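Residue strings, one per chain:
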Amino acid sequence: MISPSHFASVVLFALFASVVFGITQRETPQRMFRYGIYCFALFVGSAIVLSWVMYAIAR
Amino acid sequence: MRYSQKGMAATENKNASGKSTTEGFVYLPLIVGWLVPGGGHFLLRKWGRGALLAISILSMFALGLAMQGRLYANAHDILEMLGLAGDLGSGLLYFVGRALGLGTESVQLTTADYGTRFIVVAGLLNVIAAVDAHNLRTGRKA
């Protein structure tokens with residue numbers, strides 16, 4: 001059994017989902033790569049922003 | 001009746017190799033892609049894409065199980081039904097996992113709940129990959 005931290009879980013989720021999104025949603029390798037990076041940044045970035053928002057609300 | 005307009009192709013789509021894309025069973029990559037992650041792309045000789053899809057989906061599924069995620073087996077309520085639908089997207093992975101008795105423990109840790117989501121999302125991503133293979137086969141995507 002493995003027990004990654006919450007952030008590690010987010011990064012792993014974002015990595016695998018971004019690879020699939022990049023390959024399936026764009027046609028050329030360069031655009032696939034760029035879209036994959038874009039999705040990864042959005043996944044991780046939105047998780048960080050929402051985490052801080054929840055932290056602020058909880059205070 | 002085939003839709004035709006000036007400037008649009010009135011003939012059958014053709015893939016990169018020039019082979020007609022309506023020959024044979026066009027749903028084969030969709031079915032193979034569903035059963036085996038990346039299999040649809042391998043069938044179409046898209047080795048790189050297929051390998052990346054297979055690694056991503058298999059890793060996500062395996063990580064979900066390693067995090068003690070649950071494989072949905074029943075559909076007693078709407079949430080379980082949706083979870084089961086997501087899990088079934090993994091194709092053979094789901095059936096092999098169930099046959100081996102994996103993912104049967106009840107969720108007691110936060111990471112186990114994340115694991116359950118990983119497994120469901122792996123199935124959904126596999127469906128997207130299988131549909132992509134079908135689009136490649138029909139010539140809708142290059």
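Definitions and limits used
Residues numbered from 1 in each chain as written. Chains lettered and ligands numbered in written order. Predicted model: local features only at pLDDT ≥ 70, side-chain atom pairs only at ≥ 80, totals over all residues. Heavy atoms only, no water. Helix = DSSP H or I, 4+ residues; strand = E, 2+ residues; numbered from the N terminus. Expected span 1.5 Å × (residues − 1). Buried < 20%, exposed > 50% of the residue type's maximum accessible area, 1.4 Å probe, protein only. Contact = heavy atoms within 4.5 Å. Buried area = accessible area lost by both parts, 1.4 Å probe. Salt bridge = Lys/Arg side-chain N within 4 Å of Asp/Glu carboxyl O. Polar contact = N/O pair within 3.5 Å; in protein donor to acceptor, adjacent residues only side chain to side chain. Nonpolar A, V, L, I, M, F, W, Y, C, P; charged D, E, K, R; others polar. Phe/Tyr/Trp six-rings, centres within 6.5 Å; stacked < 30°, edge-to-face > 60°. Lys NZ or Arg CZ within 6 Å of the ring centre and 35° of its normal. Core = buried A, V, L, I, M, F, W, Y, C linked by side-chain atoms within 4.5 Å. pLDDT = per-residue confidence, 0-100.

All names here are of chain B. When the terminal C-alpha atoms of helix H6 (residues 110-138) are compared, their 42 Å separation across 29 residues agrees well with the 42 Å that a helix rising 1.5 Å per residue should span. Burial analysis of H6 places 21 of its 29 residues in the buried class, which makes it a mostly covered element. In the segment just after H6, glycine 139 is the residue with positive phi, at about 85°.

We now examine the environment of tyrosine 38 of chain A. By the secondary structure assignment, tyrosine 38 of chain A is in helix H2 (residues 29-58). Tyrosine 38 of chain A gets classed as partly exposed once you look at its relative accessible area, which sits at 49%.

Counting from both sides, the interface comprises 19 residues of chain A and, opposite them, 24 residues of chain B. Summed over the three residues of chain A that lose the most area to chain B, namely Met1, Phe16 and Ile23 of chain A, the buried surface amounts to 29% of that side. Across the contact surface, chain A and chain B share zero salt bridges. Counting the contacts that link chain A with chain B gives six residue pairs in polar contact (both at pLDDT 80 or more). Taken together, the residues that form the side of chain A that touches chain B break down as 12 nonpolar, five polar and two charged.

What follows deals with the packing of aromatic side chains. Counted according to the given criterion, the structure contains eight aromatic pairs over all chains. Consider the rings of tyrosine 94 of chain B and phenylalanine 95 of chain B, whose centres lie 5.5 Å apart with planes at 75°: the pair is edge-to-face. Look at phenylalanine 95 of chain B and you get partly exposed, because its relative accessible area is 40%. An aromatic cluster is defined as three or more aromatic residues linked by ring pairs; in this entry it consists of Phe13, Phe21 and Phe43 of chain A together with Phe118 of chain B. Here arginine 26 of chain A stacks its cationic end above the ring of tyrosine 35 of chain A, 4.0 Å away from the centre of that ring.

Residue and element names in this part refer to chain B. Under the counting rule described, the total for this entry stands at three salt bridges over all chains. Residues aspartate 113 and arginine 117 are paired through a salt bridge, measuring 3.0 Å at the closest nitrogen-oxygen approach. Taken together, the residues aspartate 113 and arginine 117, both in helix H6 and four residues apart, mark about one turn of the helix. The class for aspartate 113 is partly exposed, based on a relative accessible area of 32%. Here lysine 141 makes a salt bridge to aspartate 132, at a shortest N to O gap of 2.7 Å. Residue lysine 141 is classed as buried on the basis of its relative accessible area of 8%.

Ile57, Met60 and Leu125 of chain B are the most contacted members of the largest nonpolar core, which has 21 residues in total. Elements with a minimum of two residues in this core: helix H1 (6-25) of chain A together with helix H3 (47-66) and H6 of chain B. Every residue in contact with leucine 125 of chain B, bar those within four places of it in the chain, is listed here: Phe16, Ala17, Val20 and Phe21 of chain A together with Ile57 and Met60 of chain B.

Moving on to the confidence of the model for chain B. Residues and elements named next belong to chain B. In the predicted model, chain B carries a mean pLDDT of 86, and the fraction of residues at 70 or more is 85%. Contacts from residues 1-13, a stretch scored under 50 in pLDDT, to residues over four places away or in other chains number 11 contacts. Confidence estimates for the predicted assembly give a pTM of 0.86 and an ipTM of 0.92.

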